[in-house]
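What follows is each chain in one-letter form.
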Amino acid sequence: MRLPRWAGTLAAKSAAFITVMCCALAALLGVLVHVSVTGQTVTQARDQALDRLTEATGAYEAGDALPRGARVDPRGLPAQLRALALSGDRGTMVARDDGRPTMWAAGPADGHRALAVAVDYSQQARTIAGLDSSILWSSALAIGATLLVGAFAVTRVTRRLHGTAQVARRISAGDLDARVHDPRTEDPTRPQDEVAAVAAALDGMAASLQSKLLSEQRFTADVAHELRTPLTGLHAAAELLPPGRPTELVRDRVAALRTLTEDLLEISRLDAGRERLETDAEALGALAERVVRASGTETEVKVVRDVWVETDRRRLERVLGNLVANAHRHGRGPVVLTVEGNEVTVRDHGDGYPEYLVAHGPQRFRTEGGAKGHGLGLTIAVGQAEVLGARLSFANAIDGGALATLTLP
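Residues numbered from 1 in each chain as written. Predicted model: local features only at pLDDT ≥ 70, side-chain atom pairs only at ≥ 80, totals over all residues. Heavy atoms only, no water.

Visitor: Is there a simple way to explain the overall build of the protein chain in this structure?
Guide: From N to C terminus, the protein chain includes ten helices and eleven strands. Across the 409 residues that make up the protein chain, the buried fraction comes to 34%. Within the protein chain, counting contacts between residues at least 6 apart in sequence, those at least 24 apart form 60% of the total. Per element, the accessible surface of the protein chain, about 24900 Å² overall, is 57% carbon and sulfur. (Helix = DSSP H or I, 4+ residues; strand = E, 2+ residues; numbered from the N terminus. Buried < 20%, exposed > 50% of the residue type's maximum accessible area, 1.4 Å probe, protein only. Contact = heavy atoms within 4.5 Å. Areas by Shrake-Rupley, 256 points an atom, 1.4 Å probe, with all protein chains shown as cover.)

Visitor: Help me out: how do you make sense of a nonpolar patch on the surface in this one?
Guide: Taken together, the side chains of Leu25, Leu28, Leu29 and Leu32 present a nonpolar region at the surface, about 390 Å² in accessible area. Within the secondary structure layout, leucine 32 lies in helix H1 (residues 10-62). Judged by relative accessible area, which is 52%, leucine 32 ranks as exposed. (Patch = residues over 30% accessible without salt bridge, like charges linked within 9 Å, V, L, I, M, F, W, Y side chains within 5 Å. Salt bridge = Lys/Arg side-chain N within 4 Å of Asp/Glu carboxyl O.)

Visitor: Honestly, the nonpolar core in this entry has me stumped. Any pointers?
Guide: A general tendency of soluble globular proteins is for nonpolar side chains to be buried together. The biggest cluster of nonpolar side chains holds 32 residues, and the ones touching the most others in it are Leu284, Leu316, Leu323, Leu337, Phe394 and Leu406. Listed by contribution, the elements that provide at least two residues to this core are helix H7 (284-295), helix H8 (313-330), strand S8 (335-340), strand S9 (343-347), helix H9 (355-360), helix H10 (376-388), strand S10 (391-396) and strand S11 (402-407). Among the elements that take part in this core, H8 stands out by supplying six residues, more than any other. Beyond its immediate sequence surroundings of up to four residues, leucine 316 is in contact with Leu284, Leu287, Thr311, Leu388, Leu406 and Leu408. Formed by 14 residues, the second largest nonpolar core is a distinct cluster that contains Ala56, Ala105, Ala109 and Leu115. (Core = buried A, V, L, I, M, F, W, Y, C linked by side-chain atoms within 4.5 Å.)

Visitor: Looking at this structure, how should I read the packing of H8 against H10?
Guide: When two helices pack together, you describe them by how their axes are tilted relative to each other and by the distance separating the axes. Where H8 contacts H10, the two axes come as close as 9 Å, and the packing angle between them is 150 degrees. Taken together, H8 and H10 sit at an angle that is classed as roughly antiparallel. Note on packing geometry: the crossing formed by H8 with H10 is left-handed. Residues Arg315, Leu316, Arg318, Val319, Asn322, Leu323 and Asn326 of H8 touch H10, and the partners they reach there are Gly377, Leu378, Ile380, Ala381, Gln384, Ala385, Val387 and Leu388. By residue class, the composition of the contact of H8 with H10 is nine nonpolar, four polar and two charged. (Axes fitted to C-alpha atoms, helices over the stretch in contact; angles between N-to-C directions. Parallel < 35°, antiparallel > 145°, perpendicular 65-115°, else oblique. Left-handed = near helix turned anticlockwise from the far one by under 90°. Nonpolar A, V, L, I, M, F, W, Y, C, P; charged D, E, K, R; others polar.)

Visitor: Would you explain the environment of threonine 54 in this entry?
Guide: Considering the arrangement of structural elements, one finds threonine 54 in helix H1. Separated by 51 residues in sequence, threonine 54 and alanine 105 have C-alpha atoms that sit 9.6 Å apart.

Visitor: Can you help me understand the confidence of the model for the protein chain in this one?
Guide: Detailed reading of the predicted coordinates is not advisable wherever pLDDT falls low. Predicted confidence across the protein chain gives a mean pLDDT of 79, with 86% of residues reaching 70 or more. The least confident element of the protein chain is helix H6 (residues 245-272), whose mean pLDDT is 68; the most confident is S8, at 88. (pLDDT = per-residue confidence, 0-100.)

Written out as structure tokens, the structure is:
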């Protein structure tokens, strides 16, 4: 059986643990006090009853009048105590006589009769009952107070843990400036606890990760910028070469290198987060058809339900163009682009996306299965989709082929 959702929280577990421990402690102390006080009370009443029984026995044997409370074979004498007295022994027992708690003491008399003494036990019984009531009320108050104090202390810890978890989620979502800033970690004079250690470790990890990512972004941007100048000269020199097959090969490689440099520059701008939207109303079906015409590929366009969207046309065309180009480059035909409301899908009928891409998304400069390319097209598509506020997901169709789904806001 699965526990309710609230039962799994640290606060609920702590409250349950505190309550159980307080109840167990209160029950143990209550039983000890009850047994001790009851034992003392019963012992005192038993001694008093036996003393009066000794006095009554002496008076009975001397033929004098029995003292008050002493009788021979009284009707209220418990049967067990009567049997003990008839066997020749003395004993005591607490029972009720005329509805009142009574301490009986009985011993043998002449013949087959029992001499018994009844001592009122009402006051002692009320004392024990009052003690039990006081134990219950004081235990309830102590449990309540302890639970409130414990809940307050645990809530402070869980609030700090929730704050740390929230910062971790912000970091995983891309906000590398997020920090916990736990007061205990910023003030070394304060005692450090486990939550402060976790917060300090998370802040240190975020700072290290941010530093490494920024270094990588600066390196990518610097390399792309430095390559533009020699590439411009190389492109101009290639245009001056005489016609021929070697010239075509040089120009083709120069164009590929130039495209790679432009992709790196675009990725560096996306990483820096400096991209700004220029939105306008666009018909999604017509925009998809323009993208396919500009790609020069045999791509089928299906418009199931056309809609107008507020988006940045240039960036959306870049995303769809990269998806279509990737489908033709790494998949097999037919390639189908489908528009259904604010959702656009691009599907081919090849071998599908690699497992790492479906699980973790595209990774720059990583390809598998002998595929050509640098893995930058889909990386740029994901980055531009994030700028648009859209969600781009990758999957493999059940009957084969890669399926990319772009969901616009």
